[in-house]
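Chain residues, written in single-letter form:
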Amino acid sequence: MTIERFRIHRLNIPLVRPFRTSFGTETLRDVILVEAVSSDGISGWGECVTMSWPGYSYEYGDNAIHVMENHLLPALATVADTDDPYEVRAAMEVVAGNPMAKNAMSTAMLDVWLREQGESLAHYLGAVKDEVDCGVSVGININESVDELLAEVAGYVDEGYRRIKLKIQPGWDVEPLRAVREAWPTIPLQTDANQAYQRSDAQHLASLDQFDLLLHEQPLEQDDWYGHVLMSQACQTPICMDESIHSVMSADSALQFGACSIINIKPGRVGSYLTGKEIHDLCLERGAPVWAGGMLETGVGRAANVALAALPGFTLPGDTSGSSRYYEVDVTEPFVLQDGRLPVPTGPGIGVDPLPDVLREMTVWSTDLTVT
Ligand code: OSB
Ligand code: MG
């Protein structure tokens, strides 16, 4: 395999409804797709899951493109003809941080490599399932109306979602959780605070135990390891980390310290699907459940996330929702829920391709990067 060039495609795709979290509101997804093209003319694809502003993490679209063009491209030129995806990952270590940019470029290369061999990403990673259980992440209601929230959740329950995750923040927690729990007494339910609480909120979060929750995702700041230990001790509901986990080492530390007992795995946050798999392997060995996070991906990122979610340790439903949860028109053939599950793609590589017409219509900017 020799990678000759990359093409970065930037698309603007409206979300079907605004997505409000404790760090901001998104109405238009600033999508970045990376295409790697081999000397045989095979294209592979990776999605850069940055948002347009640094809210969830310091990475954001403009910065990621800058890092890809100026720093990752020369690093990857040194491994353009390797047959070892782990060498690709190692070559990117000259760049500190920036996992979303790294994941986008290296996944595009991995996709080319797998397509050339005719192997699916799911098979390569060690998938054991041919479909995965799907959950849905429900934003803070834009009008802070519990009735509107219930109507939104009712739609997802009717579509068959197997787990509901409510975005929470101080002032939007007890009421929405109580309402959803009363309306659906047995549905698996969890929260995601995106770092919005303080250590001093431990008793308040413990009071949410009454709603019989699967987990609380990232209640405190990402660096507050000790605070998460205290939170884990205060709550019956298990604590799960998202933003804090960047590597196998941080996953190991989190479990060893008792900062959390469950981990959300997002390849964009940890820099590659290979690292995502390694965190999965560690957690499986430790008996800690993992689940596949999401970043409002198009079908390109979704396909790869669903492949990862088919590994044996992914025992909780992921934020792997159907395309219609996010977009009227997806970039690929839409992912459609069947009985609350999505099928794991079986074709070579990620198993899906952007639809040329949709790509053309939605692209607002693109650039070619030649590997020299
Ligand atoms: O914290 O998990 C998160 C979306 C964007 C940024 C961060 C998060 C999320 C989600 C949505 O919760 C998950 C999805 O459905 O893709
Ligand atoms: Mg999260």
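Residues numbered from 1 in each chain as written. Chains lettered and ligands numbered in written order. Predicted model: local features only at pLDDT ≥ 70, side-chain atom pairs only at ≥ 80, totals over all residues. Heavy atoms only, no water.

**Some remarks on the overall build of the protein**
Okay, step 1: A count of helical and extended segments in the protein gives 13 helices and 13 strands.
Okay, step 2: Relative to the 2.2 N^0.38 estimate, which gives 21 Å for 372 residues, the radius of gyration of the protein is 20 Å and therefore close to what a compact globule would have.
Okay, step 3: Dimensions of the protein, computed from the C-alpha atoms along their principal axes, are close to 60 × 40 × 35 Å.
Okay, step 4: Within the protein, the proportion of its 372 residues that are buried is 60%. (Helix = DSSP H or I, 4+ residues; strand = E, 2+ residues; numbered from the N terminus. Rg over C-alpha atoms; globule rule 2.2 N^0.38 Å. Buried < 20%, exposed > 50% of the residue type's maximum accessible area, 1.4 Å probe, protein only.)

**With respect to the coordination of the magnesium ion (ligand 2)**
Six octahedral donors around a metal ideally sit at 90 or 180 degrees from one another, while four tetrahedral donors ideally sit at 109.5 degrees.
Okay, step 1: Bound to the magnesium ion (ligand 2) on the protein side are Asp 192 (OD), Glu 217 (OE) and Asp 242 (OD), at distances that span 2.1 to 2.3 Å.
Okay, step 2: Between consecutive donors of the magnesium ion (ligand 2), the numbers of intervening residues give the motif D-x24-E-x24-D. Residue Asp 192 is located in strand E7 (residues 189–192), and its partner Glu 217 is located in strand E8 (residues 216–217); the two are separated by 25 residues in the primary sequence. For the pair Asp 192 and Glu 217, a shared accessibility class is recorded, and that class is buried. (Donors = N, O, S within 2.8 Å, 3.2 Å for Na, K, Ca; no water.)

**What about the packing of aromatic side chains?**
Describing an aromatic ring pair means giving the distance of the ring centres and the angle of the ring planes.
Okay, step 1: Under the counting rule described, the total for this entry stands at five aromatic pairs.
Okay, step 2: The interplanar angle of 55° and the centroid separation of 6.1 Å between the aromatic rings of Phe 23 and Tyr 56 together place this pair among those described as tilted. Separated by 33 residues along the polypeptide, Phe 23 in the loop between strand E1 (3–21) and strand E2 (24–38) and Tyr 56 in the loop between strand E3 (43–48) and helix H1 (61–77) bring together distant segments of the chain.
Okay, step 3: What makes Phe 23 partly exposed here is its relative accessible area of 22%.
Okay, step 4: By relative accessible area, Tyr 56 is classed as buried at 5%.
Okay, step 5: Ring plane angle 90° and centroid distance 5.8 Å describe the contact between Tyr 156 and Tyr 161, whose orientation is recorded as edge-to-face.
Okay, step 6: Using a relative accessible area of 4% as the deciding quantity, one classes Tyr 161 as buried. (Phe/Tyr/Trp six-rings, centres within 6.5 Å; stacked < 30°, edge-to-face > 60°.)

**As for the site of ligand 1**
Okay, step 1: Close to ligand 1 lie 17 residues, the nearest being Lys 167, Asn 194, Lys 266, Leu 296 and Tyr 326.
Okay, step 2: Between ligand 1 and Asp 242, the relevant distance is 3.1 Å, taken from an oxygen atom to a side-chain nitrogen or oxygen of the residue.
Okay, step 3: Separating an oxygen atom of ligand 1 from a backbone N or O atom of Met 295 is a distance of 3.2 Å.
Okay, step 4: Coverage of ligand 1 by the protein amounts to 100% of the 390 Å² it exposes when considered alone.
Okay, step 5: Class assignment for the residues of the shell around ligand 1 results in seven nonpolar, three polar and seven charged. (Near = heavy atom within 4 Å. Polar contact = N/O pair within 3.5 Å; in protein donor to acceptor, adjacent residues only side chain to side chain. Areas by Shrake-Rupley, 256 points an atom, 1.4 Å probe, with all protein chains shown as cover. Nonpolar A, V, L, I, M, F, W, Y, C, P; charged D, E, K, R; others polar.)

**What about the pattern of salt bridges?**
Okay, step 1: Throughout the structure, instances matching the rule amount to 26 salt bridges.
Okay, step 2: For Asp 353, the salt bridge is made with Arg 115, and the minimal N-O distance between the two is 3.1 Å. Of this pair, Asp 353 sits in the loop between strand E12 (341–343) and helix H13 (356–362) while Arg 115 sits in helix H3 (residues 99–117); the two residues are 238 residues apart in sequence, bridging distant segments of the chain.
Okay, step 3: Overall, Asp 353 belongs to the partly exposed group, its relative accessible area being 41%.
Okay, step 4: The structure contains a network of salt bridges with shared partners spanning Arg 163, Lys 165, Lys 167, Asp 192, Glu 217 and Asp 319. (Salt bridge = Lys/Arg side-chain N within 4 Å of Asp/Glu carboxyl O.)

**Focus on a negative patch on the surface**
Okay, step 1: The grouping of Glu 4, Asp 40, Asp 81, Asp 83, Asp 84, Glu 87 and Glu 116 at the surface amounts to a negative patch.
Okay, step 2: By secondary structure assignment, the location of Glu 4 is in strand E1. (Patch = residues over 30% accessible without salt bridge, like charges linked within 9 Å, V, L, I, M, F, W, Y side chains within 5 Å. Lys, Arg positive; Asp, Glu negative; His and termini not counted. Charge placed at Lys NZ, Arg CZ, Asp CG, Glu CD.)

**A look at the domain arrangement of the protein**
Okay, step 1: Examined at the domain level, the protein breaks down into domain 1 (3–118 + 356–370) and domain 2 (123–343).
Okay, step 2: Averaged C-alpha coordinates put domain 1 and domain 2 at centres separated by 23 Å.
Okay, step 3: The partner domain 2 presents 44 residues to the 38 residues of domain 1 that form the contact.
Okay, step 4: In total, domain 1 and domain 2 occlude about 3400 Å² of area from one another, counting both sides; carbon and sulfur atoms represent 65% of this.
Okay, step 5: Per-residue buried area on domain 1 facing domain 2 is highest for Phe 19, Arg 20 and Tyr 56; these three make up 24% of the total on that side.
Okay, step 6: Applying the counting rule to domain 1 against domain 2 returns three salt bridges.
Okay, step 7: Inspection of the domain 1/domain 2 interface yields 18 residue pairs in polar contact (both at pLDDT 80 or more).
Okay, step 8: Looking at the side of domain 1 that touches domain 2, the elements with two or more residues in it are E1, E2, E3, helix H2 (85–91), H3 and H13.
Okay, step 9: Looking at the side of domain 1 that touches domain 2, the element that brings in the most residues is E1, giving ten residues.
Okay, step 10: Its residues placed into classes, the side of domain 1 that touches domain 2 shows 24 nonpolar, seven polar and seven charged. (Domains from an automatic or database assignment. Contact = heavy atoms within 4.5 Å. Buried area = accessible area lost by both parts, 1.4 Å probe.)

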